[in-house]
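Fold and geometry: a report
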Amino acid sequence: MDLLYEAATVHRLHHDPNTVQVSTLLSIKTGGCPEDCGYCPQAARYHTNIEGNDLMGVPQVKAQALRAKAAGSSRVCMGAAWRNVKDGPEFEQVLEMVRTINKLDMEVCCTLGMLTENQAKRLAEAGLYAYNHNLDTSEDYYKDVISTRAFEDRLETIDNVRKSNVTVCSGGIIGMGEALEDRAGMLVALASLNPQPESVPINALVAVEGTPMADMEPIPIWQMIRMVATTRIVMPQTQVRLSAGRTEMSREGQAMCFFAGANSIFAGDKLLTTPNPDVNEDMDMFKLLGLTPQKPFTKISQPKTVEASESAYQPLGEKPRWTRPGHTITRNEAAKKKGNLAN
Ligand code: SF4
């Protein structure tokens, strides 16, 4: 109750608590990915029932964006199952998609894998509003989830995006078998980015048959609420996105997440390849809770700049692991506090 109260208080200080930003996630290139993210049905090496697709055409993307806009979305996020962006005709096609959606007066986001500084600048010139690149989990647990690239690679792409004027969307997934310390470690890493990300998606794992995480138990809703609340407190100005896993959540559970500081959702019946609540169901829920979809390009508070004295994140191997101004938690202390970290 104290955590919820504090999170709701912080939320009300920085945001209109009755406005929720609605994004539509569109898979513009599905499946066949060379990476080995343990949670992902799009990795070519896992035997899942995903139907792979080549890069979508610009007219098809435009039609889907118009449909999303009519249904209340202010942002289209285009996802491609690539390890990294390669310069060439496909990247040119993505740039054209960005320009096209931009002209529809919608925010455009992309999630295309690793990105160079120059590619980030080209996307910015095309009118990209946000780039998504999740940290996924803590640095410690990362290697248990993905082996084909390192945590530092993620930070480098985020850094490249920061060198352009594109906003940063970066979050992670809970329910992958990580410890509470890993959830805290991921939040510390995100909250220590300078400035903090404008948007932080919090996903609950959707366990898909054929992936190494197929047998993971769904996480209880209370863990999601606790994670959302903690994210809100440590990143007061960011947009906290309630992302994958909403089909498993009751309306009451989602309402608690909004109360605890979530102020964005993904709409549409599919999140890349996994199921998501129908848009009409979401609009009914908004009506019930008195929530309004946010208009595109609404000025939100600037992301928090982290002071040097607050610099909380230290790379693996250096101690202490977690610090707060005036307070230091070492790994041993954290282990003793296990089960109570989110407080
Ligand atoms: S999460 Fe992205 S990078 Fe990882 S396997 Fe899936 S599509 Fe590839």
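Please read all numbers here as calculations on a predicted model, not as lab measurements.

With that out of the way, let us pick up the overall build of the chain. Scanning the chain for helices and strands turns up 11 helices and 14 strands. Counting only residues that meet the buried cut, the chain has 47% of its 343 residues in that class. Long-range pairs, those at least 24 residues apart, make up 77% of the contacts in the chain between residues at least 6 apart in sequence.

For the pair helix H3 (residues 89-102) and helix H4 (residues 117-126), interaxial distance at closest approach is 8 Å and the crossing angle is 30°. Judged by the angle between their axes, H3 and H4 are roughly parallel. Our pair here, H3 against H4, has a crossing hand that is right-handed. Residues Leu95, Val98 and Arg99 of H3 form the contact with H4, whose participating residues are Arg122, Leu123 and Ala126. Looking at the contact of H3 with H4 residue by residue, the classes come out as 4 nonpolar, no polar and 2 charged.

What follows is about the pairing of strand E7 (residues 199-204). Across the 6 residues of E7, 6 count as buried, placing the element largely inside the fold. Neither face of E7 is left uncovered, since the one carrying Ser199, Pro201 and Asn203 and the one carrying Val200, Ile202 and Ala204 both have all their residues buried. Here 3 bridges tie strand E6 (residues 172-174) to E7, and the two strands are oriented parallel to one another. Directly across from Ile174, in E7, lies its bridge partner Ala204. As for the winding sense of the linkage, the β-α-β connection from E6 through helix H7 (residues 180-191) to E7 is right-handed. When E7 meets strand E8 (residues 239-242), the two strands line up parallel, connected through 4 bridges. Looking across to E8, one finds that Val200 is bridged to Val240. Handedness of the crossover joining E7 and E8 through helix H8 (residues 221-234): right-handed.

Turning next to the site of the ligand. Residues in close proximity to the ligand include Cys33, Glu35, Cys37, Cys40, Gln42, Ala43, Ala81 and Gly113, which together make up its full environment. Split into classes, the residues belonging to the shell around the ligand amount to 5 nonpolar, 2 polar and 1 charged.

This paragraph deals with the nonpolar core. Core analysis: the largest hydrophobic core is formed by 86 residues, its most contacted members being Tyr131 and Val228. It is H7 that contributes the most residues to this core, 7 residues altogether. The residues touching Val228, leaving out its near neighbours within four places in the chain, are Ile202, Val240, Leu242, Cys257, Ala260, Gly261 and Ala262.

Another point: the environment of Ala120. One can find Ala120 in helix H4. Accessibility expressed as a C-beta count within 10 Å gives 23 for Ala120, which makes it buried. Taking C-alpha positions, Ala120 is 9.7 Å from Ile158, a pair spaced 38 residues apart along the chain. When near neighbours in sequence (up to four residues on either side) are disregarded, Ala120 contacts Leu115, Tyr131, Asn160, Val161, Lys163, Ser164 and Val166.

With that out of the way, let us pick up the packing of H8 against helix H9 (residues 251-259). Relative orientation of the contacting elements H8 and H9 amounts to 15°, with a least axis distance of 8 Å. When the axes of H8 and H9 are compared, the pair comes out roughly parallel. Considering the relative orientation of H8 and H9, their crossing is right-handed. Where H8 abuts H9, its residues Ile221, Met224, Ile225 and Val228 lie against Gly253, Met256 and Cys257. Partitioned by chemical class, the residues of the contact of H8 with H9 number 6 nonpolar, 1 polar and no charged.

The subject of this paragraph is the confidence of the model for the chain. Taken residue by residue, the chain gives an average pLDDT of 86. The fraction at 70 or more is 85%. Confidence over residues 311-343 falls short of pLDDT 50; this stretch has 41 contacts with residues more than four positions distant or in other chains.

What counts as what
- Residues numbered from 1 in each chain as written.
- Predicted model: local features only at pLDDT ≥ 70, side-chain atom pairs only at ≥ 80, totals over all residues.
- Helix = DSSP H or I, 4+ residues; strand = E, 2+ residues; numbered from the N terminus.
- Buried ≥ 20, exposed ≤ 12 C-beta atoms within 10 Å, placed from the backbone.
- Contact = placed C-beta atoms within 7 Å.
- Axes fitted to C-alpha atoms, helices over the stretch in contact; angles between N-to-C directions.
- Parallel < 35°, antiparallel > 145°, perpendicular 65-115°, else oblique.
- Left-handed = near helix turned anticlockwise from the far one by under 90°.
- Nonpolar A, V, L, I, M, F, W, Y, C, P; charged D, E, K, R; others polar.
- Pairing = 2+ DSSP bridges.
- Right-handed = clockwise from strand over helix to strand, strands pointing away.
- Near = placed C-beta within 6 Å.
- Core = buried A, V, L, I, M, F, W, Y, C linked by C-beta atoms within 7 Å.
- pLDDT = per-residue confidence, 0-100.

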